[in-house]
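Residue strings, one per chain:
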Amino acid sequence: MSMVAIGAGICALCGIGGGIGIGFATGKAVEATARQPEASGKIMTQLLLGCALAEATAIYGFVLGILIIFMLG
């Protein structure tokens, strides 16, 4: 049982990576918009795409952790 908990905990660490990635991307997008306000449309499009990919990684880790708990635990 303890190995299942360790595996699920490691999968949950994907959420930390996703949060750091989204925070970093948002900060850089705000800096880019401050430097070039006329390019805010393109910046926002790329920001949303990047955030969606980072969030998907976190969600995959969460789902994998839940599957480990219920299938192996």
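Quick caveat: nothing in here was measured; it's all calculated off a predicted structure. (Residues numbered from 1 in each chain as written. Predicted model: local features only at pLDDT ≥ 70, side-chain atom pairs only at ≥ 80, totals over all residues. Heavy atoms only, no water.)

Participant: How should I be thinking about helix H3 (residues 40-72) in this particular structure?
Facilitator: The periodicity of an α-helix, 3.6 residues per turn, causes residues three or four places apart in sequence to face the same way. Taking 1.5 Å per residue as the helical rise, H3 with its 33 residues ought to reach 48 Å, and the 47 Å between its terminal C-alpha atoms agrees with that figure. Of the positions making up H3, those classed as buried are Ile 43, Leu 47, Cys 51, Ala 54, Ala 58, Gly 61, Gly 65 and Ile 68. In this structure, the buried side of H3 is in contact with helix H1 (2-12) and helix H2 (14-35). (Helix = DSSP H or I, 4+ residues; strand = E, 2+ residues; numbered from the N terminus. Expected span 1.5 Å × (residues − 1). Buried < 20%, exposed > 50% of the residue type's maximum accessible area, 1.4 Å probe, protein only. Contact = heavy atoms within 4.5 Å.)

Participant: Can you help me understand the pattern of salt bridges in this one?
Facilitator: Pairing between side chains of opposite charge can happen when the charged atoms of each approach one another. Summed over all chains, the structure comprises 1 salt bridge. Glu 31 is paired through a salt bridge with Lys 28; the nearest N and O atoms lie 3.9 Å apart. Of this pair, Glu 31 and Lys 28 both sit in helix H2, 3 residues apart, which is roughly one turn of that helix. (Salt bridge = Lys/Arg side-chain N within 4 Å of Asp/Glu carboxyl O.)

Participant: I'm lost on the environment of Ile 66 in this one. Help?
Facilitator: Positionally, Ile 66 belongs in helix H3. Taking relative accessible area as the criterion, Ile 66 reaches 32% and is therefore assigned partly exposed. Residues Ile 66 and Gly 9 lie 57 residues apart in sequence; the distance between their C-alpha atoms is 9.9 Å.

Participant: Can you help me understand the packing of H2 against H3 in this one?
Facilitator: In a packed pair of helices, the relevant descriptors are the angle between the two axes and the axis-to-axis distance. Between H2 and H3, the shortest axis-to-axis distance is 8 Å and the interhelical angle comes to 175°. On the basis of the axis angle, H2 is roughly antiparallel to H3. Residues Cys 14, Gly 15, Gly 18, Ile 22, Ala 25, Thr 26, Ala 29, Ala 32 and Thr 33 of H2 form the contact with H3, whose own contacting residues are Ser 40, Ile 43, Leu 47, Cys 51, Ala 54, Glu 55, Thr 57, Ala 58 and Gly 61. (Axes fitted to C-alpha atoms, helices over the stretch in contact; angles between N-to-C directions. Parallel < 35°, antiparallel > 145°, perpendicular 65-115°, else oblique.)

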